[in-house]
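So the chains spell out like this:
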Amino acid sequence: MKPSNSVAVLRGRMIHSARELGMKGIRASFPLTLLIAMLALSTLCLAQDQEPNISSVIEVTRAGMQADRATIITTAMNFSDKEAAAFWPIYRQYEFERSKLDDLRVVVIKEYTQKYPNLTDAEAKTMAERMFECDSRQIALKKTYFKKLNKVLPALTVTKFFQTERRIDLLMDMNVEASLPPLTQTQYVEPAK
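The present account deals with the structure reproduced in this document. A quick note: this is a predicted structure, and the numbers were derived from the prediction, not measured.

Some thoughts on the environment of Cys134
- Tracing the chain through its elements places Cys134 in helix H5 (residues 121–150).
- For Cys134, a relative accessible area of 6% puts it in the buried group.
- C-alpha of Cys134 to C-alpha of Asp102: the two residues are 32 residues apart in sequence and 8.0 Å apart in space.
- Setting aside residues up to four positions removed in sequence, Cys134 forms contacts with Leu104 and Arg105.

Quick word on H5
- Taking 1.5 Å of rise per residue, 30 residues should cover 44 Å, and H5 covers 43 Å from first to last C-alpha, within 8% of that figure.
- Of the positions making up H5, those classed as buried are Met127, Met131, Cys134, Gln138, Leu141, Lys142, Tyr145 and Leu149.
- Along its buried surface, H5 packs onto helix H4 (81–115) and helix H6 (155–177).

Details of the packing of H4 against H6
- For the pair H4 and H6, interaxial distance at closest approach is 13 Å and the crossing angle is 30°. Comparing the axis directions of H4 and H6 gives the class roughly parallel. Read as a crossing pair, H4 and H6 show a hand that is right-handed. Contact residues: Glu83, Phe87, Tyr91, Tyr94, Glu95, Arg98, Arg105 and Ile109 in H4; Thr157, Phe161, Phe162, Glu165, Asp169, Asp173 and Val176 in H6.
- Residues that form the contact of H4 with H6 fall into these classes: 7 nonpolar, 1 polar and 7 charged.

Reading the values: the criteria
- Residues numbered from 1 in each chain as written.
- Predicted model: local features only at pLDDT ≥ 70, side-chain atom pairs only at ≥ 80, totals over all residues.
- Heavy atoms only, no water.
- Helix = DSSP H or I, 4+ residues; strand = E, 2+ residues; numbered from the N terminus.
- Buried < 20%, exposed > 50% of the residue type's maximum accessible area, 1.4 Å probe, protein only.
- Contact = heavy atoms within 4.5 Å.
- Expected span 1.5 Å × (residues − 1).
- Axes fitted to C-alpha atoms, helices over the stretch in contact; angles between N-to-C directions.
- Parallel < 35°, antiparallel > 145°, perpendicular 65-115°, else oblique.
- Left-handed = near helix turned anticlockwise from the far one by under 90°.
- Nonpolar A, V, L, I, M, F, W, Y, C, P; charged D, E, K, R; others polar.

This is the structure in structure tokens:
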């Protein structure tokens, strides 16, 4: 299965999950989302038999998910006209800032795949620290936009949005992670004393 087929299957599952989320609410959709994630993972594991170019996998995944993100959010959130008018301008700002952080993550992922399987202990540590920094910055960004969105929308609506956003992110991450070589296959070399 080609990565683009995996993305299409994943995209369809996410849109279906978003519809379910909009109809059944946050709690009722958790088992469905878990099932979708498991199915997506099994589909993506099939793609590991090939040697996909990580840059193309990341770019295809990001482009496909960005194109569908608004559709998924719209379906899941079921905004009124007033809510949509308040939400979308703030969301566009958030997405722009978030994409810059995602670019930083992509740099680390590409570096990992280039240096694998000869990754040194020091390189692994530096990469992990850079990923933690990306995660911290992304959390700070989400907190900032949680506050901004709470000024114009009810907290329950904002929380539902961030839960939907988190599910989309998890599925995107699973698609990229399925293409990466596992760290357990690298050879640990004792540092020189």
